[in-house]
Amino acid sequence: MNTPKELKYSKTHEWVRFTSDTECEVGLTDFAQDALGDLVFVNLPEEGAEAVKDETICDVESVKAVSDVYSPVSGTVCAVNEELLDSPELINNDPYGAWLFKLKDVSDAEDLLDAEAYEKVCEEEEH
Amino acid sequence: MTLKTPLYEEHVALKGRIVDFAGYFLPVQYPGGVIQEHMAVREKAGLFDVSHMGEVAFKGKDALKNLNYILTNDYTNLKIGRVRYGVMCYEDGGCVDDLIVYRMAEDEFFVVVNASNRMKDVAWMKEHITGEVEFKDVSDEYAQLALQGPLSGDILGQYTELPQKYYSFITTQILGKDVIVSQTGYTGEYGFEIYCKPEDAPFLWNEILKDERVIPCGLGARDTLRLEASMPLYGHEMDETVSPLETGLDFGVKMNKEFIGREGIAARKNRHRIGIKVTGRGIVREHCDVYLNGQKIGHTTSGTFLPYLKGAYAMALVDEAYEPGTVVEADVRGRKIEGVVTVLPFYKKEK
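Residues numbered from 1 in each chain as written. Chains lettered and ligands numbered in written order. Predicted model: local features only at pLDDT ≥ 70, side-chain atom pairs only at ≥ 80, totals over all residues.

**Comments concerning the overall build of chain B**
Logical step 1: Along the backbone of chain B there are 8 helices and 20 strands.
Logical step 2: What you see for chain B is a C-alpha radius of gyration of 20 Å, in line with the 20 Å of a compact globule of 351 residues.
Logical step 3: Dimensions of chain B, computed from C-alpha atoms along their principal axes, come out at roughly 60 × 50 × 45 Å.
Logical step 4: Burial analysis of chain B (351 residues in total) assigns 50% to the buried set.
Logical step 5: Taking the contacts inside chain B whose residues are at least 6 apart along the sequence as the reference set, 65% of them involve residues at least 24 apart. (Helix = DSSP H or I, 4+ residues; strand = E, 2+ residues; numbered from the N terminus. Rg over C-alpha atoms; globule rule 2.2 N^0.38 Å. Buried ≥ 20, exposed ≤ 12 C-beta atoms within 10 Å, placed from the backbone. Contact = placed C-beta atoms within 7 Å.)

Right, here's the structure in full:
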């Protein structure tokens, strides 16, 4: 399992890449994409939508099931990765490149985990 | 309690993602994923562990009479060495299970049932058999592999002669192991099912997988393949509330003979199984209400993204036989997704 050190994580398996103090990209972790299996559909949020920490913001679907994506922080959606609409498999192939959406005016980031803490969460879920 | 098939250690060694399915630990997929496994079966070959399936034997002078009474199909003219589909119904026409029947000898039949229904089926059969027939649940005496895909004949043919016709079988040996090989399957593709002794299963499994043209496949691909081929699955397209005619199994129901459920089936106001190609954005799965011009007409029974057809499809049980091209909507978690009624099967292999 790949867990880049420079990223932050949520317990619900989203990763967060800060591009400034108040802006970030959000995607699904390697652990999440592996657990979901082949992704075949991504339902992205609307630009301008309010993201609230720990609340459902969009969903992704694998062959097997639909899974909610939770916003790991609060903020406003300022961009969505439209490339994923036609190529959801990018999430499987490159989970840390395939960001789902970007947020601005980010807050509630205090609970984010570092890579080490996130790996522990994954280990516990595997058992 | 969850049981292990004789191939459990093989699945673990191949890093299969193990789930509890019908009381058995089975792989839902291997690391390559469902899409790769699905495509392998459509284009080359895939090997499945289907040892969880149940098998029962009917033997004796009245074996045929019993099958013809307990099952919807007519086995009178089934030749030795041939296989025939059938459904077992309750008096009211709902389905106990669907199954396939092998004629081993004039008075001997081998019946393969769904794993999740095995105990219920055995109880129902025991309750209804009459006359001179020896009935036995032999599930624990058999493991079952399914080798499916256009290259499956080339691969299996290296070890044994093959049953030449669809829905026929032979009893033979593969590398010294006694097996029944039938040209059957649940993928809509050319392929074979191999019944063997449980203790021989790991050897045969590993031997077949030595061929680089075949990959192991899990339950996930088994489901997407059968759905793409529009084959009904018990618990989805049929159950105790649905008759075999409603789900489109007319070919396996012979209303001109006496059998349990005949009056029940005849008395029903029939619903219809339809195919829907999803044209809106999203995946439509089972248990979604289906609407036509705002009126609810039924619900979906199975659905997902189909890898070979590269699109989202669903099957639904609805109140009328709507024409292909009819535009409908499915309610997916509160969101209406558009689809169009499509001829079944979604996928049919080229002859």
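Following the structure, the description resumes.
**Notes on the sheet that holds strand β6 (residues 56–62) of chain A**
Residues and elements named next belong to chain A.
Logical step 1: Pairing in this open sheet of 3 strands is antiparallel, and the strands run β4-β6-β7 from one edge to the other. Each having just a single partner strand, β4 (39–43) and β7 (66–70) make up the two edges of the open sheet. Averaged over neighbouring strand pairs, the angle between their axes works out to 25° when direction is ignored. (Pairing = 2+ DSSP bridges. Axes fitted to C-alpha atoms, helices over the stretch in contact; angles between N-to-C directions.)

**Thoughts on the sheet that holds strand β3 (residues 24–29) of chain B**
Sheet strands line up and pair through hydrogen bonds in the backbone, either parallel or antiparallel.
Residue and element names in this part refer to chain B.
Logical step 1: Here we have 3 strands laid out as an open sheet, ordered β1-β3-β2, and mixed in their pairing. In the strand order of this sheet, the two ends are held by β1 (3–4) and β2 (17–21), each with one partner.
Logical step 2: Sheet contacts for helix α7 (residues 219–228): β2 and β3; angle to β3, the most-contacted strand, approximately 70°.

**Considerations on the domain arrangement of chain B**
How big an interface is tends to be stated in terms of accessible area lost as the parts join.
All names here are of chain B.
Logical step 1: Along its sequence, chain B is carved into domain 1 (3–51 + 142–228), domain 2 (55–120) and domain 3 (271–342).
Logical step 2: A separation of 23 Å is found between the C-alpha centroids of domain 1 and domain 2.
Logical step 3: Here the side of domain 1 that touches domain 2 is composed, by residue class, of 6 nonpolar, 4 polar and no charged. (Domains from an automatic or database assignment. Nonpolar A, V, L, I, M, F, W, Y, C, P; charged D, E, K, R; others polar.)

**Remarks on the nonpolar core**
Soluble globular proteins: nonpolar side chains tend toward being buried together.
Logical step 1: Among the nonpolar cores identified, the biggest contains 132 residues, and Leu145, Leu147 and Val284 of chain B are the most heavily contacted of them.
Logical step 2: What leucine 145 of chain B contacts, discounting residues up to four positions off in sequence, is Leu47, Phe48, Asp49, Val50, Ile194, Ala201, Leu204 and Trp205 of chain B. (Core = buried A, V, L, I, M, F, W, Y, C linked by C-beta atoms within 7 Å.)

**Quick notes on the pairing of strand β6 (residues 83–89) of chain B**
Residues and elements named next belong to chain B.
Logical step 1: Buried residues dominate β6, accounting for 6 of its 7 residues.
Logical step 2: Relative to strand β7 (residues 95–105), β6 runs antiparallel, the two sharing 7 bridges. The residue of β7 that forms the bridge with arginine 84 is valine 101.
Logical step 3: Hairpin connection from β6 to β7: 5 residues lie between these consecutive antiparallel strands, with glycine 93 at a positive phi of about 95°.

**Let's talk about the pairing of strand β8 (residues 74–80) of chain A**
Logical step 1: Relative to β8 of chain A, strand β5 (residues 50–51) of chain A is paired through 2 bridges, and the arrangement is antiparallel. When the bridges of β8 of chain A are listed, alanine 51 of chain A appears paired with glycine 75 of chain A.

**With respect to the interface of chain A and chain B**
Logical step 1: Listed per partner, the contact involves 9 residues of chain A and 10 residues of chain B.
Logical step 2: Looking at the side of chain A that touches chain B element by element, the count peaks at 3 residues for β4 of chain A.

**Some points on the environment of valine 290 of chain B**
Residue and element names in this part refer to chain B.
Logical step 1: Position of valine 290 relative to the elements: it lies in strand β16 (residues 289–292).
Logical step 2: Sequence spacing of valine 290 and alanine 316 is 26 residues, and the spatial spacing of their C-alpha atoms is 7.7 Å.
Logical step 3: Setting aside chain neighbours within four positions, we find valine 290 in contact with Ile297, Gly298, His299, Thr300, Ala316, Val318, Val328 and Ala330.

**Describing the packing of helix α2 (residues 34–43) of chain B against α7 of chain B**
Residue and element names in this part refer to chain B.
Logical step 1: The interhelical angle for the contact between α2 and α7, taken along N-to-C directions, is 55°, at an axis separation of 9 Å. Relative to α7, the element α2 lies oblique. Viewed along their axes, α2 and α7 form a crossing whose handedness is right-handed. Facing α2, whose interface residues are Val34, Glu37, His38 and Val41, α7 presents Gly220, Ala221, Thr224 and Leu225.
Logical step 2: Across the contact of α2 with α7, the residue classes break down as 4 nonpolar, 3 polar and 1 charged. (Parallel < 35°, antiparallel > 145°, perpendicular 65-115°, else oblique. Left-handed = near helix turned anticlockwise from the far one by under 90°.)

**What to know about helix α3 (residues 63–70) of chain B**
Residue and element names in this part refer to chain B.
Logical step 1: If you check which residues of α3 are buried, you get Ala63, Leu64, Asn66, Leu67 and Ile70. For α3, the buried positions fall inside an angular range of 160° around the axis, keeping them on one side.
Logical step 2: If you follow the buried residues of α3, they end up packed against β5 (54–59), β6, β7, β8 (108–113) and α4 (118–128). (Arc of directions from axis to C-beta.)

**Considerations on helix α4 (residues 115–126) of chain A**
Logical step 1: The first and last C-alpha atoms of α4 of chain A sit 17 Å apart over 12 residues, in line with the 16 Å expected at 1.5 Å per residue.
Logical step 2: Counting buried positions along α4 of chain A yields 1 of 12 residues, so the element is predominantly exposed. (Expected span 1.5 Å × (residues − 1).)

**Some remarks on unusual backbone geometry**
Logical step 1: Each neighbour pair has its own omega, and for leucine 344 of chain B with proline 345 of chain B the value is 0°, a cis peptide bond.
Logical step 2: In this structure, histidine 13 of chain A takes a positive phi of about 75° despite not being glycine.
Logical step 3: With respect to the helices and strands, the residue histidine 13 of chain A is situated in the loop between β1 (8–9) and β2 (14–18).
Logical step 4: You will see that aspartate 108 of chain A, though not glycine, has its phi angle at about 60°, which is positive.
Logical step 5: Tracing the sequence through the fold places aspartate 108 of chain A in the loop between β9 (101–107) and α4.
Logical step 6: Given 15 C-beta atoms within 10 Å, aspartate 108 of chain A falls into the partly exposed group.

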